[in-house]
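Commentary on secondary and tertiary structure
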Amino acid sequence: MRRISMDGASVGARGLWLSLAWLSASTALGCGRREALPAPEDPGAERPAQPAQLAPPAQPEEPAAPLQESRVERDGLTIAFALRPLDRGQQGGGTGPGAARAAAAAGSDVVAEFTITDASTGAPVRGLTPLGWMSRRAGADGAAAASFSGGAPAASLASGAVDAAPDEAACRGKIKSFMAGLLSVRPEVDMNAYLLWTLNQDNTLSAINPQVALARTQLRSVVSLAGRGVSFVLHPDRESLYVTLRGGQGLAVVDTRRGLVRTNVPVGQDPSRVVVAPDGRTVWVGNDGDGTVSVIDARSTDVLRTLPVGPGHHEIAFTGGGRAAWITSQQGESVAVVDGETLEPLGEIAVGEGVVSIAASDEAGVVHAANAARGEVVVLDAARRAVAGRVALKPGLGALQFDPRGRFSFALNPAANEVAVLDGATGAVAHTLTGLAAPDAVTFTGAFAYIRNRGAARVSLVDRAALGGPAAPPLVDIAVGQGPPLAAAAPPGPAALATPIAPLPEGNGALVASPADKALYVYVEGMMAPIGTLPSYGREPRSILVEDRSLKEVRPGVYATTVRLGEGGLYDVELLLDRPRTGVCLEATVAPARCAPGDGEADASGCGDDPVKDIAIAPLFEPDLRLAAGEPATLRFRATAGEGGPPLDAEDIEVMVVRFPTGYRFRGAPRAEGDGTFSVAFTPPVPGQYRFLAAVPGRGAPVGALPSVPLRVSARGAGAQGGGAR
């Protein structure tokens, strides 16, 4: 289950459809009959990462071969569990114990996948909301070692050192304890988790696991960006984050599973707002410096088109499920409308100069555009693409957003310290909310609207159910932190670009980023104060997003998520289904880790104590290379595999540059230059001693397994770069 605990508090999460009372009385929970399954001969299915709304690849790839599988039959269902590499390249071309050792080692990231079918017909069972865990069986060390060294399978060892598989009562008890959220009874692997991503002031992203062990969170990774981040958005498939960057660095595409920048996409000047189209196929970036919008293919990251839309800051909204994109230009006179599929202009609507935000409602069939200078909201008819009316408010408007139902729009006015709530159907002002302190951002849960007060250390809640009444609903102020957001350093770009509040995945509360306090606050509805605080590890969080890593149906009857494995050993795999109400236990074996995990600020995969003999990394720059702080450099190197192995691709290789002794880290994906040569662009932030490390996790060479190369960074102008650096 999902839970957040701070200072001893514990909050139960996902799965309101299932109560603990039912769990204790249910007779459907059990372990069932377990069997080993061979690897599928010809799955012929799409890769698990593709959501249903995205167009399939031109040539669908079969999923990566399973590292291991187990199966149960229970209540008319056949349930198979498999651990798979994150992608096919991680298998290293092998399927034997060596390949399994490389990808299913303790501390490694893998795909945990359940396949649920009708036992009699084989038809996939769709539309479930499963919960899953992995718990290490007591005394499992020896079994794991024997299994991965070619000895007897773990499940059949008769030495007595390993606890027996749980019976129905024990399986039921395990699931019940995990659902209770007790700190004293926690699974090693929780498949119902989520990560918090924060966009920080120091050119980084932080990925924080809010699930606790002894009242502590975990900083899962820190992603170094090539420039200061302005805004960011998560793709619906949960595999990519898109971050606009200052300083001519374009758009960073971040791999959320590996915690590194996959690529930087060149776009226009001064990119700011970034949004993903509703169908997930394209990413739209407003370039404030040159009056354009870049449209990027989400899969290939190619720039499909650069649209001239007018000067100034740009905001983007979609109607018709993404069939039309509406784009503002603050220093222009019009709102541009673009076909979301063909990317051809559909027309321009004159609204007047000064539009700073835009929001759309398919339910009401309207688009609202806020003009800050004039203090009005322009109501646009989405079907006719024409002005339907103008609502006079006060000058100084900022962010504008519709509630999830599309009935009311919230027009925030930080200059006037108020929020106007407009009826989407009539365009009239339904309510005016006063007594706020520079409101600059709004987020919604099922019951409330959350308004951040940039000038005060509080968040104001509005009961959405009361919006339909004649009287303005009262504000419920929740004190958040010690200092107001204004007390932090000035954020990059317009304040409206920040997304400082994110709903909890359960929908009954929110996470609030406090840059002034360098912390994240957790609020649950019904409380008069946040229930606890999550540290941001010394960074100022400007924006926050929640990446839901719970089990999702990625193909018919297939439910998967990415998990990080625990210690090596034999594991019970607990699964709870909502319909039929069934709980089962399977099993899996995790190989021992081959090196110590990292310091908590980087992804730490299992790795080997022995030198990697079939992977060679040769730098094509001088030893003890001297770079200049703040100046970009291109580091080239040659990477080769041993005899009999396939050549290395750029996707196989990860690069890290670490500064000593501060712990600063840069992680990036290299670019192939041909003939086994690769390069990675890196800009050292400050002078100091650095180390260049390359890794090939899918071939058994994670970070730290291959020798590092020293780099020296001097103050700008004090040193020259050696050969191969550019």
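Model, not experiment: these values are computed from the prediction. (Residues numbered from 1 in each chain as written. Predicted model: local features only at pLDDT ≥ 70, side-chain atom pairs only at ≥ 80, totals over all residues. Heavy atoms only, no water.)

1. Quick notes on the overall build of the protein chain
- From N to C terminus, the protein chain includes four helices and 53 strands.
- Across the 726 residues of the protein chain, 55% fall into the buried class.
- The contacts of the protein chain with a sequence gap of at least 6 include a subset with a gap of at least 24, amounting to 58%.
- If you sum the accessible surface of the protein chain, you get close to 27900 Å²; carbon and sulfur atoms cover 51% of it. (Helix = DSSP H or I, 4+ residues; strand = E, 2+ residues; numbered from the N terminus. Buried < 20%, exposed > 50% of the residue type's maximum accessible area, 1.4 Å probe, protein only. Contact = heavy atoms within 4.5 Å. Areas by Shrake-Rupley, 256 points an atom, 1.4 Å probe, with all protein chains shown as cover.)

2. Section: the sheet that holds strand S51 (residues 677-682)
- In spatial order, the strands read S45-S47-S51-S50; together these four strands make up an open sheet with antiparallel pairing. Of all strands in the sheet, those bounded by a partner on one side alone are strand S45 (615-619) and strand S50 (671-674). Strand-to-strand twist across the sheet, computed as the mean angle between neighbouring axes with direction ignored, equals 35°.
- With five bridges connecting them, S45 and strand S47 (residues 633-641) associate as antiparallel partners. Bridge pairing in S47 links Ala618 to Arg638. (Pairing = 2+ DSSP bridges. Axes fitted to C-alpha atoms, helices over the stretch in contact; angles between N-to-C directions.)

3. Topic: the sheet that holds strand S26 (residues 376-381)
- With antiparallel pairing, the four strands of this open sheet are ordered in space as S24-S25-S26-S27. Two strands close off the open sheet at either side, each with one partner strand: strand S24 (355-361) and strand S27 (386-392). Neighbouring strand axes in the sheet, compared pairwise and without regard to direction, differ in orientation by 20° on average.
- Strand direction decides the pairing type here: S26 and S27, joined by six bridges, are antiparallel. Within S27, the position partnered with Val377 by the bridge is Val391.

4. Quick look at the confidence of the model for the protein chain
- Looking at the protein chain as a whole, the pLDDT averages 80, with 76% of positions reaching at least 70.
- In the model, residues 88-103 has pLDDT below 50 throughout and makes 32 contacts with residues more than four positions away in sequence or in other chains.
- Segment residues 212-216: pLDDT under 50, and eight contacts once partners within four positions in sequence are set aside and those in other chains are kept. (pLDDT = per-residue confidence, 0-100.)

5. Points about the environment of Val111
- Inspection of the secondary structure puts Val111 in strand S6 (residues 109-118).
- Using a relative accessible area of 8% as the deciding quantity, one classes Val111 as buried.
- Along the backbone, Val111 and Thr562 are 451 residues apart, and their C-alpha atoms lie at a distance of 4.5 Å.

6. Concerning the state of the cysteines
- Counting across every chain of the model gives one disulfide.
- The disulfide that involves Cys171 links it to Cys585, with 2.1 Å between the sulfurs. Across the S-S bond linking Cys171 and Cys585, the dihedral sits near 100°, which makes this disulfide right-handed. With a gap of 414 residues between them, Cys171 in helix H4 (residues 168-180) and Cys585 in strand S44 (residues 582-590) connect regions that are remote in the sequence.
- A relative accessible area of 0% means that Cys171 is categorised as buried. (Disulfide = S-S within 2.5 Å.)

7. Let's talk about the packing of aromatic side chains
- Applying the stated criterion across every chain yields a total of 10 aromatic pairs.
- Between the aromatic rings of Phe81 and Phe114, the centroid separation amounts to 4.8 Å while the plane-to-plane angle is 45°, which identifies the pairing as tilted. With Phe81 in strand S5 (residues 77-84) and Phe114 in strand S6, the pair connects residues that are 33 residues apart, well separated along the chain.
- Judged by relative accessible area, which is 0%, Phe114 ranks as buried.
- Judged by centre distance (6.0 Å) and plane angle (65°), the ring pair of Phe682 and Tyr690 falls under edge-to-face.
- A relative accessible area of 2% means that Phe682 is categorised as buried.
- Assessed through its relative accessible area of 0%, Tyr690 is described here as buried. (Phe/Tyr/Trp six-rings, centres within 6.5 Å; stacked < 30°, edge-to-face > 60°.)

8. Quick word on the pattern of salt bridges
- A full pass over the atoms with the stated rule returns 30 salt bridges.
- Two residues, Arg464 and Asp403, come together in a salt bridge whose shortest N-O distance is 3.8 Å. With Arg464 in the loop between strand S34 (458-463) and strand S35 (475-479) and Asp403 in the loop between strand S28 (400-402) and strand S29 (408-413), the pair connects residues that are 61 residues apart, well separated along the chain. Pair check on accessibility: Arg464 and Asp403 agree, each one buried.
- Salt bridges linked by common partners bring Arg137, Lys174, Asp572, Glu574 and Glu587 together as one network. (Salt bridge = Lys/Arg side-chain N within 4 Å of Asp/Glu carboxyl O.)

9. Considerations on the pairing of strand S19 (residues 303-308)
- Summarising the sheet, strand S18 (residues 292-297) and S19 pair through five bridges and their orientation is antiparallel. Each bridged residue has a counterpart across the sheet, and for Ile296 the counterpart in S19 is Val303.

10. What about the environment of Ser240?
- Note that Ser240 resides in strand S13 (residues 240-245).
- Counting along the chain gives 58 residues from Ser240 to Ala298, while the straight-line C-alpha distance between them is 8.9 Å.
- Apart from residues lying up to four places away in sequence, Ser240 is in contact with Val233, Leu234, His235, Val253, Val254, Thr256 and Arg262.
- At 3.0 Å, the side chain of Ser240 and the side chain of Arg262 are in polar contact. (Polar contact = N/O pair within 3.5 Å; in protein donor to acceptor, adjacent residues only side chain to side chain.)

11. Overview of the side chain of Asp403
- Residue Asp403 is classed as buried on the basis of its relative accessible area of 6%.
- The residues touching Asp403, leaving out its near neighbours within four places in the chain, are Phe408, Phe444 and Arg464.

12. What about the environment of Ile296?
- Its place among the elements puts Ile296 in strand S18.
- Sequence-wise, Ile296 and Arg281 are 15 residues apart; in three dimensions their C-alpha atoms are separated by 8.6 Å.
- Contact partners of Ile296, with chain neighbours within four places excluded, come to Leu251, Val265, Val267, Arg281, Thr282, Val283, Val285, Thr301, Asp302, Val303 and Leu304.

13. Side note on unusual backbone geometry
- The residue after Arg579, namely Pro580, is reached through a cis peptide bond having omega -10°.
- Relative to the assigned elements, Pro580 resides in the loop between strand S43 (569-577) and S44.
- Positive phi values are uncommon outside glycine, yet Ala438 reaches one of about 55°.
- Mapped onto the elements, Ala438 comes out in the loop between strand S31 (429-433) and strand S32 (439-444).

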